[in-house]
Amino acid sequence: METRHKRYNMKYVMLCCTVAAFGGLLMGYDSSIISGAIEPLSDYFQLTPAETGWAVSNILLGSLVGCFIAPKLSDKFGRKKSLAITALLFTASVVGTAIAHNFFTFVAFRILGGLAIGLASVISPIYLAELSPSKYRGRTSALYAVCCVGGQSVVLLTNYFINKSMLPEVMVDTGWRYILATALVPCALFIFFIAFIPESPRWNVLKGKDKEALDTLSKISDPVHARTVFNEIKHSFSDEAATRHKSRLRLNKTTVPLLIIGIGLAVGNQISGINVIQYFGPTLLKNVSGSTDSALLQTFWLSVCQFVGVLMGMALIDKVGRRRLLLLGAITSAVFLAYTFIAFYYRLPGLLAVVGLFAYMVFFGMTWGQIVWTVLGELFPTEIRSICVGISICAMSMANFVISTTFPILNSNAFLLDIFHGGFPLLLFALFSLAMYFFTFRYLPETAGMPLEKIHARVLEKFNVDPREAGERTDAPVSETRS
């Protein structure tokens, strides 16, 4: 009988995963940095409400392209090199948007940043899932959300202090450029530290680099256990069905259910309106706060609430499980967003108007804000993981694009403002959150603690599909503790 003491070198695993999760930090930083720059930027370029929405949402078109090319990029060059390319694209985007002197140039470089976001949102979760031991996979995968929300909190506080330190006319002329340029700091850190992490062992096995894979697994755990895990990974690739899928994704009754779950969760992550708060938080809160400074500070505290929620969820995800937390997150989102809608509708004063949003951010961070990334990274078989995650994140980007493009129009519509007092989008998000509760309850099984090579069979059972039709082998060796 093996000892209860884990043979994993978790210090090494956590350091590697933290570096890879910097993709999430840059995603959060780059996507939220626009919240403090959008109003002075709109004045500088003299944008209409529709153009303002385009200035924010165009990044999602780049993200869509990034999601499409991420699977091929990561499968061809590896997860590590692809993350390095992502960091360089982020850096180029930051420099370009900060020095742009016309709207076209700004949009072009922001789309480039979106391309990097698309790459990071696919590649980082894959790397985290493939490197992590199954017992700790929820916690290590949650590092992506921790870094993402941490980046958002830092940038929102930076936005507040830069806005506070400058006169309005200076903000319009140059202040928004300083806000955008601050993203160079995390870009430089990402580029530096990525040189020190290993390639994903499962990608190495996929490419026939067995020695490199075994070397990495031996750094993660003791040699005996590393060999056992290596043999299990090799066994999963030796399956005839896996070989058939290695070249390309085939849509059939064993892959479509996986994509339904992946796309559904990815879209569900967006339709509760989280990115409206991240992108347009100050604009939304000005409906009840009355001043830009107050709205910026409230937006920062909202991000802090989400960060606290992410840390709470990180401690719970492997104990409570993915499914229960997602169900909790969907129902609490519906309740708190509905309360906030009522608060906006009746124009409740002060804290009463935003307390629902603070509660929403805590529970969203604890649940949907991180668990979706974990589930997407572990849901699909290794040989089609990158393309399926890419498709799911594409759907997420499309949902984000639609919501971010339409929000400024809805929020500035005189008819809706007169009737709902700025709360109409919140009512829609509450209804969407309720729909995600029923979707999760019906289709998502629990995946906590399961080896990556067995998770997709559990999903197929929810769709009444025989796992053996997915190429699952019942004679596969099972170790007592897996990676």
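Please read all numbers here as calculations on a predicted model, not as lab measurements. (Residues numbered from 1 in each chain as written. Predicted model: local features only at pLDDT ≥ 70, side-chain atom pairs only at ≥ 80, totals over all residues. Heavy atoms only, no water.)

(A) Summary view of the environment of I271. Looking at the secondary structure, you find I271 in helix α14 (residues 256-271). Distance from I271 to L428, taken between C-alpha atoms, is 8.6 Å for residues 157 residues apart in sequence. Once residues lying within four places of it in the same chain are set aside, the contact partners of I271 are I403, F429, F432 and M436. (Helix = DSSP H or I, 4+ residues; strand = E, 2+ residues; numbered from the N terminus. Contact = heavy atoms within 4.5 Å.)

(B) Inspection of the environment of V267 at higher detail. Considering the arrangement of structural elements, one finds V267 in helix α14. A relative accessible area of 23% places V267 in the partly exposed class. Spatially, the C-alpha atom of V267 lies 9.3 Å from that of C394, the residues being 127 residues apart in sequence. (Buried < 20%, exposed > 50% of the residue type's maximum accessible area, 1.4 Å probe, protein only.)

(C) Focus on the packing of α14 against helix α20 (residues 382-412). Following both chains from N to C, one finds α14 and α20 inclined at 30°, their axes separated by 8 Å at the closest point. Relative to α20, the element α14 lies roughly parallel. For the pair α14 and α20, the crossing hand works out as right-handed. Contacts from L259, G262, I263, A266, V267, N269, Q270 and I271 of α14 reach α20 at C388, I391, S392, A395, M396, A399, N400 and I403. (Axes fitted to C-alpha atoms, helices over the stretch in contact; angles between N-to-C directions. Parallel < 35°, antiparallel > 145°, perpendicular 65-115°, else oblique. Left-handed = near helix turned anticlockwise from the far one by under 90°.)

(D) Representation of the state of the cysteines within the structure. The full count for this structure, using the stated rule, is 0 disulfides. Free of any disulfide, C148 has its nearest neighbouring cysteine sulfur in C147, separated by 8.8 Å. (Disulfide = S-S within 2.5 Å.)

(E) Geometry of the environment of P125. Positionally, P125 belongs in helix α6 (residues 103-131). P125 sits in the buried class, given a relative accessible area of 4%. When the C-alpha positions of P125 and A145 are compared, they lie 9.7 Å apart, and in sequence the two are 20 residues distant. Among residues more than four places away in sequence, those in contact with P125 are A120, Y144, W373 and G377.

(F) How the structure looks around the packing of helix α4 (residues 49-77) against helix α5 (residues 79-99). Between α4 and α5, whose axes approach to 6 Å, the crossing angle comes to 125°. When the axis of α4 is compared with that of α5, the two are oblique. Residues L73, S74, D75 and F77 of α4 lie in contact with α5, whose contacting residues are R79, K81, S82 and I85. For the contact of α4 with α5, the class distribution of residues is 3 nonpolar, 2 polar and 3 charged. (Nonpolar A, V, L, I, M, F, W, Y, C, P; charged D, E, K, R; others polar.)

(G) Unusual backbone geometry, seen in detail. Although it is not a glycine, Q46 adopts a positive phi angle of roughly 55°. With respect to the secondary-structure elements, Q46 resides in the loop between α3 (34-45) and α4. For Q46, a relative accessible area of 68% puts it in the exposed group.

(H) Representation of the nonpolar core. In this structure, L41, F106, L265, W368 and I393 are the most contacted members of the largest nonpolar core, which totals 128 residues. Of all the elements, α6 adds the most residues to this core, at 14 residues. Other than its neighbours up to four places away in sequence, F106 contacts I34, L41, F45, A55, T97, A100, W176 and L180. V205, L214, F230 and I233 belong to the second largest nonpolar core, which has 8 residues in total. (Core = buried A, V, L, I, M, F, W, Y, C linked by side-chain atoms within 4.5 Å.)

(I) Up close: helix α17 (residues 322-345). For α17, which comprises 24 residues, the first-to-last C-alpha distance of 34 Å matches the rise-based estimate of 34 Å (1.5 Å per residue) to within 8%. With its phi angle positive at about 55°, R347 sits one or two positions after the end of α17. (Expected span 1.5 Å × (residues − 1).)

(J) Spotlight on the pattern of salt bridges. Within the structure shown, the criterion is met by 6 salt bridges. In this structure, the salt-bridge partner of E130 is R385, at a minimum N-O distance of 2.9 Å. Within this pair, whereas E130 is found in helix α6, its partner R385 is found in helix α20, the two being separated by 255 residues in sequence. Among the ionic pairs, R322 bridges to E378, the shortest N-O distance being 3.0 Å. With R322 in helix α17 and E378 in helix α19 (residues 368-379), this residue pair connects regions lying 56 residues apart in the sequence. Taken individually, R322 and E378 each receive the classification buried, so the pair is uniform in this respect. Members of the salt-bridge network, linked through shared partners, are D75, R79, E130 and R385. (Salt bridge = Lys/Arg side-chain N within 4 Å of Asp/Glu carboxyl O.)

(K) Fine view of the packing of aromatic side chains. Counted by the stated rule, this structure contains 18 aromatic pairs. Taking the centre distance of 6.4 Å and the plane angle of 15° together, the rings of Y437 and F441 count as stacked. Note that Y437 and F441 are positioned in helix α22 (residues 424-443) at a spacing of 4 residues, about one turn of the helix. Pairwise contacts between aromatic rings join Y44, F45, F103, F106 and W176 into one cluster. (Phe/Tyr/Trp six-rings, centres within 6.5 Å; stacked < 30°, edge-to-face > 60°.)

(L) Fine view of α19. Between the first and last C-alpha of α19 there are 15 Å, a value that for 12 residues agrees with the 16 Å anticipated at 1.5 Å per step. Regarding α19, the residues found buried are W368, G369, Q370, I371, V372, W373, T374, V375, L376, G377, E378 and L379.

(M) Seen up close, the side chain of T340. Structurally, the position occupied by T340 is in helix α17. A polar atom in the side chain of T340 sits 2.8 Å from the backbone oxygen of F336. Dropping the residues within four chain positions of it, T340 is found in contact with A353, G356, L357 and L426. (Polar contact = N/O pair within 3.5 Å; in protein donor to acceptor, adjacent residues only side chain to side chain.)

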